Amino acid sequence: MRRQKWLGLIVASGLFMAILIIPTLIVVPFIGSNEVNVVQEAPSTKEESVGELSEDLSSFSIRVLRSGSGEVEKVPLETYVARVVASEMPATFEVEALKAQSLAARTYITRHLVQESAVSSEADVTDTVNHQVYKNDQELRQQWQDRYAENMKKINQAVKETAGEIITYEHQPITAAFFSTSNGYTENAEDYWENEIPYLRSVESPWDEASPKFVDQKVVSLEELQASLGVALNTDLSNTKMTKTEGNRVEKVVFGDQAFSGREIREKLSLPSSDFTIQQKGDHVIFTTKGYGHGVGMSQYGANGMAMNGKSYKDIVHHYYQNTEISPMSKQTASLMEGEKPVN
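Residues numbered from 1 in each chain as written. Predicted model: local features only at pLDDT ≥ 70, side-chain atom pairs only at ≥ 80, totals over all residues. Heavy atoms only, no water.

Observations concerning the confidence of the model for the protein
Inference 1: On average, residues of the protein score 85 in pLDDT, and 81% of them reach the 70 mark or higher.
Inference 2: Long-range and interchain partners of residues 1–48, a stretch whose pLDDT sits below 50, account for eight contacts in this model, where long-range means more than four residues apart.
Inference 3: pLDDT under 50 marks residues 340–344. Its contacts with residues more than four places away, or in other chains, come to 13 contacts. (pLDDT = per-residue confidence, 0-100. Contact = heavy atoms within 4.5 Å.)

Thoughts on the nonpolar core
Inference 1: In terms of nonpolar packing, the biggest core is built from 57 residues, with Ile62, Tyr80, Ile155 and Tyr321 touching the most fellow members.
Inference 2: At nine residues, helix H4 (residues 95–115) tops the list of elements feeding residues into this core.
Inference 3: Apart from the residues lying within four places of it in its own chain, the contact partners of Tyr321 are Ala104, Ile167, Ile174, Thr175, Ala176, Ala177, Phe178, Tyr199, Leu200, Gly297 and Met298.
Inference 4: Counting 17 residues, the second-largest nonpolar core is a separate cluster that includes Leu225, Phe260, Phe276 and Val285. (Core = buried A, V, L, I, M, F, W, Y, C linked by side-chain atoms within 4.5 Å. Buried < 20%, exposed > 50% of the residue type's maximum accessible area, 1.4 Å probe, protein only. Helix = DSSP H or I, 4+ residues; strand = E, 2+ residues; numbered from the N terminus.)

Observations regarding the sheet that holds strand E5 (residues 172–173)
Working definition: the strands of a sheet are paired by backbone hydrogen bonds and lie parallel or antiparallel to each other.
Inference 1: Strand order in the open sheet formed by three strands is E5-E4-E14, and the pairing between neighbours is antiparallel. Both outer strands of the open sheet, E5 and strand E14 (325–328), are each paired with one neighbouring strand and no more.
Inference 2: The pairing of strand E4 (residues 165–169) with E14 spans four bridges and is antiparallel. Bridge pairing links Glu165 to Pro328 in E14.
Inference 3: Strand contacts of H4: E4, E5 and E14, with the helix running at about 65° to E4, the strand carrying the most contacts. (Pairing = 2+ DSSP bridges. Axes fitted to C-alpha atoms, helices over the stretch in contact; angles between N-to-C directions.)

What follows is the structure in structure tokens.
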């Protein structure tokens, strides 16, 4: 009887311990799993990958000649587009404006690769305004500091949601010209460049008045003006004659006995815009300008203003690039770009 009593106590104790241990064994694996997930979601892990887009989005790469180092960086197409957008448009702009800029950047590189010469046998484009401004991941991190992850996430969203889309006219990628700020209107292509381009027409852009670059002034001396233009001037410029373009920029202006285009004056005097007025104060001349940039194509501040008013990137593209279409990059276009490219 005593032996049976001891056996009963042992069995009862074993059952009691099992009741205590088994729930612990069930719970522990789940606690470990949760801890692993927390580590995977750590901010540092996210930040390391935020500057890269999946290579699955890109069917080919762009070879960028870095003007500073002379080295060539090979970058997947959509990562290249994201870094151009980051370099060319303020990251604080609305996502729909960033999407429109993504299309402009992707269309530019598509047209360049298909129709124009590579800069060398090793590189397709430079990282300068001669093509498109491009900064790599390290440079963007340095520029934005603690805003890097937030800015890059927003730009990558714009690029991913438009991946593979370009702007076309009659089934060909367009000249996707853009600039910072209009004077309230964009410019006809032929009024700033030499040739008429059917989709680069003057359109209203009233949103640009919100741009910090909308109005500016530059003061030059009469002596400096004569030296810059290479002409002899009267001391009184009150009767200076000028004509205007459809986009309300200076078409022609006469200084001394010589006529200049508005573009020539802008470039010779480094003015922000070819929309300017002239006011003389003694032996100095005040040039008051409206807008910033050449004025042809998409106004970036105009695009942002449209986006703030609820317009989509498609609305923006169709407004600034008249009678164009938003088209997928075709397999034929991709194969042309993957083949041999002409070299300067």
